[in-house]
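# Working through the structure, step by step
Chain residues, written in single-letter form:
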Amino acid sequence: MITAWPYSADSAAPGWPGIEARWTSSAKTGIGTALTAMSQIWFTMSHGILNEIYYRRPDQACTRDLGLIVTDGNGFFSEEKRHAEHRTRCMASGVPAYETVNVHPGRYRITKCIISDPYRDVLLQRIAFESLDGQRYRVFALLAPHLVNAGADNTAWLGAYKGVPMLFAQGRGTALALACTVPWRNASAGFVGNSDGWQVLARHGELNPSWTRAENGNVALTGEIDFSQAEDVTLALGFGASPEEAAHRVRSSLNYGFASAFRDFVAGWRRVLENAHPLTLPPADATDHYRTSVAVMLSHEPFGFAGGIIASLSIPWGFSKGDDDLGGYHLVWPRDLSETAGGLIAAGLRLPARVVVAYLAAVQEADGHWPQNMWLDGTPYWGGVQLDECAFPILVLDLLLREKMLDAADADRFTEMVAKAAGFIVRNGPVTRQDRWEEDAGYSPFSLGVTVAALLAAANFLEARGVPQRTIQHLRETADWINDSIENWTYARGSKLASESGVDGYYVRIGPVDLIDDRMPADATTAIRNRPDGASRFPAADIVSPDALALVRFGLRSAHDPRIVDTVTVIDRMLKVDLPQGPVWRRYNQDGYGEHEDGRPFDGTGIGRAWPLLTGERAHYELAAGRVDEAVRLLGTVEACACPTGLLPEQVWDADDIPERELFRGRASGSAMPLVWAHAEHAKLVRSLKDGRVFDMPPQTVQRYQLQKVTAPFVIWRFDRRRQTVAGKNLRIEVFEPAMVHWSSDQWQTRHDLETQDTGLGVHFTDLPTTDLAPGSTILFTFFWRQAQRWEGADFKIEIVTDGVRNA
């Protein structure tokens, strides 16, 4: 049991409940975990200190930060994260064990080595303190518990376990304990902003007054480290379901010793990293970016939810976010996860990649889609549905098979997953309810590229497993129709932007949901909801994105297709930012997801900044175009966007320096670092350059559309896409239940009946032979619904035209 604090102190801290809780910087300089099932700790670092530490699973943050304060008793007060200069490095190539050195010039130097215990739920720091001016300083550890994603409603107190003084906190069924290899000289529990140790030390230079308990609020714990007893000490922060459990783990870890834990931590990581393909051989004194990317991908996965790799161990602009932002980026996005699986496959890590597919199959919804994002147990967080996220898992499975990392018998287990996902795409596509930037519904070149590739991959996969040919044929024909229609939905010609750019046309960022006769209207608009000026609608033809390069990446279009080449011209004119490390691209013009012009954090509006992963995608395009040297140069640009420990940010600041906000041109902005997706793209680019080809380009699309030039012999009519004309093709009518289509081409003087066919995908269709009819003819049709035994009660009209133009 936990006994009373052995030193004198007042009991209850004043200042309940403390100020409103906030998280901390998302620009991490270190993230790590031990690759053992016995250790369920994930840690993050920035500004020379520990930030969020996650316990049990990496979507449950349990601390805000843990750092040191230095005083001299004569008015000197220094918080290392604010007042010291920081230098952090990996202690072994690619291994997430860190040494950080924090120096207050002329005053002190703090050296820390940070790992998690491979065998226990404990975070370990070995700390050495050195006075640079000969003065005697007092050093205090300051811990802010935010147990299970919340800073509010936690309780902190001082106590002892088996006679060892420790600092405790508890909330939402989780407890933590903090101890040191030397006894605490003094300690205190308080409420943040009122009676916490920071406030007391800033005023008095020592923990006087101090308190033993702060209940049910935003709390902090402070302990004074007695460096007179040792040159270096070890701080151990343990977690458990109870204070006793956390304290036991802390004491056991300290008894095992930092040196032993460090040895085993590094050895475990080295064994795993040695299994990765040796794709680079950097100089010994250089950051091994490839190994770091592999480590970042693996560090975001829990053993308890194998394959569930979260997007980032960070909360974008966390210092401005509170308890109402539960998720941050420590959630699973199926797209990010699929991209990460591709990175693992690129690195040759067969088992981790296979486990991702098993995880995806486990969290797939009953109708075949995946949530926009979710907690590790599959519980949806946001409510959107993105078509690319429903298609990507199929492509991951296909890539595993192509790389011979999954045999046919093992792949059979995923037949249901593929069939359900393909069915959802056929029923709900090709329009996506959200694009990959999670903002707009419509026809996105990126989503369309992923979708077409996935439908063809699904057809191959299901055909090999005996699925009826009618289903296989429908998947391929749907892909053909979408591929034929991409330019109708997303390609703008003759616009002002085209004229200014000196091109005939280009692919837009996203075409609108509402089409006119299955084409993007000339006056179509796009909604951009994160603009700081309140302007939310822009002409669709004015907004472009590197997303169009997905048509090359996924094999639908050649890199030399004139439409792609013209689009690249426009993209570079509108979105390329030349930074000290090289060119980096923004997501789309008028983007508002980023800091404001003055550097204030994104608060629902802002200005979108440059994304290093888009430079990786551009490098893949250059490789597809045969410009290997340019792809290599862009790889260097991506790596130069990383921090000194090799972590890649989501966005880099692309304006003039604002030092007071820690924003420097070409360096990480406040959005998120690391972004696992960016590291996956980096790993894939390294592999692609090694292979001399785009590693993950699906062969099915290249063969069918670039070589065989297959097209669809029909266009589609549905209740949600009621086209008015047909030119040179048959009319395919699709419905979601059995029906008889009753139709006529001569105003009902003669009548024809066609029964719909069941595709096995939740779609029923029939084809009207409109190619047999002369331009100027009119088709009328209606439905008799077989299950309800009723007529539709309305006629629908289609005009036969020449080249999509109505007769006068």
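In the block above lies the structure referred to throughout.
In this report, we go over the structure that sits alongside the text. (Residues numbered from 1 in each chain as written. Predicted model: local features only at pLDDT ≥ 70, side-chain atom pairs only at ≥ 80, totals over all residues. Heavy atoms only, no water.)

Spatial strand order, β24-β25-β26: 3 strands in an open sheet with antiparallel pairing. Of all the strands in the sheet, the pair left with one neighbour each is β24 (576-579) and β26 (610-611). Where strand β25 (residues 582-586) meets β26, 2 bridges bridge the pair, whose relative direction is antiparallel. Pairing of W585 across the sheet is with W611, part of β26. Across the sheet, helix α16 (residues 612-624) is in contact with β25 and β26; its angle to β25 comes to roughly 105°. (Pairing = 2+ DSSP bridges. Helix = DSSP H or I, 4+ residues; strand = E, 2+ residues; numbered from the N terminus. Contact = heavy atoms within 4.5 Å. Axes fitted to C-alpha atoms, helices over the stretch in contact; angles between N-to-C directions.)

In this structure, P17 follows W16 across a cis peptide bond, with omega equal to 0°. Mapped onto the fold, P17 is located in the loop between β2 (10-12) and β3 (30-33). Put simply, M673 and P674 share a cis peptide bond, and its omega is 0°. Unlike most non-glycine residues, E662 shows phi in positive territory, near 55°. You can see E662 is positioned in the loop between α17 (628-640) and α18 (676-691). The phi angle at Q747 is positive, at roughly 60°, despite the residue not being glycine. As for its placement among the helices and strands, Q747 is situated in the loop between β30 (739-744) and β31 (752-755). With a relative accessible area of 54%, Q747 lands in the exposed category. (Buried < 20%, exposed > 50% of the residue type's maximum accessible area, 1.4 Å probe, protein only.)

Here β3 shows two buried faces, one formed by G30 and G32 and the other by I31 and T33. As defined by bridge partners, β3 adjoins strand β4 (residues 41-46) across 4 bridges and the pair is classed as antiparallel. Bridging across to β4, G32 finds its partner in F43.

Turning to the side chain of D388, a few remarks are in order. Looking at the element boundaries, D388 is found in helix α8 (residues 387-402). Of the residues examined, D388 reaches a relative accessible area of 0% and is grouped as buried. Those residues within four positions of D388 in sequence are excluded, and the remaining contacts are R335, R436, F446, S447 and V450.

With that out of the way, let us pick up the layout of surface pockets. Here the idea is plain: a probe the size of a water molecule rolls over the atoms and shows the empty space left. Approximately 1300 Å³ is the volume found for the largest pocket. Elements with a minimum of two residues in the lining of the largest pocket: β5 (49-55), β6 (63-71), α1 (80-83) and β8 (85-92). Per-class residue counts for the lining of the largest pocket are 16 nonpolar, 16 polar and 12 charged. Counted as a void, the second largest pocket has a volume near 650 Å³. (1 Å grid on protein atoms, 1.4 Å probe; cavity = no way out; pocket = protein on both sides within 12 Å on 5 of 7 lines; lining within 4 Å. Points joined across faces, edges and corners; volume = space filled by probe spheres on them. Nonpolar A, V, L, I, M, F, W, Y, C, P; charged D, E, K, R; others polar.)

Of all hydrophobic cores here, the largest spans 182 residues; its most connected members are L475, Y506 and F554. The dominant element in this core, judged by the number of residues it contributes, is helix α11 (residues 445-463), at 13 residues. Once residues lying within four places of it in the same chain are set aside, the contact partners of Y506 are T490, Y491, A492, S495, L497, A498, A541, V544, T567 and V570. Counting 50 residues, the second largest nonpolar core, distinct from the first, contains Y108, I110, I225 and F239. (Core = buried A, V, L, I, M, F, W, Y, C linked by side-chain atoms within 4.5 Å.)

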